[in-house]
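The lines below spell out each chain.
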Amino acid sequence: MLDAALIEECADPSLKPAIVQQFVEMAGSPDPLAITVKSGGRLILVPKPKTSDEAMEIVRENVGRAVVRVGLTQFPAGVGMTDASELRADLIDPCENLRMGTTMFSKVMRIVAKWYGNPTESEVLPQIFEDAVYSWKTGEFEGESVFQALDPGTNWKAPDVARTSENPEPEKTAEDMAEDQEKRSSGTRTGNSEIRIDLSRINGK
């Protein structure tokens, strides 16, 4: 669990602390030096770094050739960059990683919320949060890159709680994710907003 002081000091203020905690638990890592490298959907084994310098060396070696996720939030290193030398060393710093990761995740949540028509009902948040986490892990939502997409710039803000500990969201299997994708593709659109037909996963119902 993240330290409350770290969240208060470093996380994007548009996200409630409970959402930041859940985001890191579901999509991040407790190890600030954690590096995940994937290529073609396959995990590439890399040495476990012992220092931030070693971590950055691994990142620079793989950025541009594979998908590299870094730190507490498993931030996508090198997004929008063509030169690994542009990478900043503070990408490994817990505070800076949390700041960059939660700022980016906040944008991802706004992208997903816009798809829903920017609802304000707290009952809808679990589905938005769940889809945003899935999009963070895959890098896509509705076939578009969420990391390089423009921020919708809406005034939508997430309600206080994404999911409660009394009714936690179960870990998803590959079959669950495929089912979600199928449901997403069957959504209908009305005007400029997009509404999903099947919201059966909201609050675990």
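Higher on the page you've got the structure.
No experiment lies behind these values; they were computed from the predicted model shown.

Student: Just to check I follow, could you spell out helix H4 (residues 94-116) for this structure?
Tutor: Taking 1.5 Å of rise per residue, the 23 residues of H4 would be expected to cover 33 Å, and the 32 Å separating its terminal C-alpha atoms lies within 8% of that figure. The element H4 is largely enclosed, with a buried count of 19 among its 23 residues. With a side-chain oxygen positioned 3.2 Å from the backbone nitrogen of Cys 95, the residue opening H4 is Asp 93.

Student: Looking at this model, I keep getting lost on the layout of surface pockets. Mind explaining?
Tutor: The gaps of empty space that remain are located by a probe, the size of a water molecule, rolled over the atoms. The space that makes up the largest pocket amounts to roughly 710 Å³. If you trace the largest pocket, you find 29 residues lining it, with Val 67, Val 68, Arg 69, Lys 137 and Thr 138 closest to the centre. Listed by contribution, the elements that provide at least two residues to the lining of the largest pocket are helix H2 (17-27), strand E1 (35-39), strand E3 (67-70) and helix H5 (125-138). When grouped by side-chain class, the residues that make up the lining of the largest pocket number 12 nonpolar, 13 polar and 4 charged.

Student: Would you take a moment to explain the environment of Ser 106 for this structure?
Tutor: With respect to the element layout, Ser 106 can be found in helix H4. Sequence separation of Ser 106 and Ile 19 is 87 residues, and the distance between their C-alpha atoms is 10.0 Å. Excluding anything up to four places from it in sequence, Ser 106 contacts Asp 12, Ser 14 and Leu 15.

Student: Can you walk me through the state of the cysteines in this structure?
Tutor: Cysteine pairs can be covalently joined through their sulfur atoms, and such a bond is termed a disulfide. Under the definition given, this model contains 1 disulfide. Between the sulfur atoms of Cys 10 and its disulfide mate Cys 95 the distance is 1.9 Å. Taking the sign of the torsion about the S-S bond as the criterion, the disulfide between Cys 10 and Cys 95, at about -105°, is left-handed. Of this pair, Cys 10 sits in helix H1 (residues 4-10) while Cys 95 sits in helix H4, and the two are 85 residues apart along the sequence.

Calculation rules
- Residues numbered from 1 in each chain as written.
- Predicted model: local features only at pLDDT ≥ 70, side-chain atom pairs only at ≥ 80, totals over all residues.
- Heavy atoms only, no water.
- Helix = DSSP H or I, 4+ residues; strand = E, 2+ residues; numbered from the N terminus.
- Expected span 1.5 Å × (residues − 1).
- Buried < 20%, exposed > 50% of the residue type's maximum accessible area, 1.4 Å probe, protein only.
- Polar contact = N/O pair within 3.5 Å; in protein donor to acceptor, adjacent residues only side chain to side chain.
- 1 Å grid on protein atoms, 1.4 Å probe; cavity = no way out; pocket = protein on both sides within 12 Å on 5 of 7 lines; lining within 4 Å.
- Points joined across faces, edges and corners; volume = space filled by probe spheres on them.
- Nonpolar A, V, L, I, M, F, W, Y, C, P; charged D, E, K, R; others polar.
- Contact = heavy atoms within 4.5 Å.
- Disulfide = S-S within 2.5 Å.

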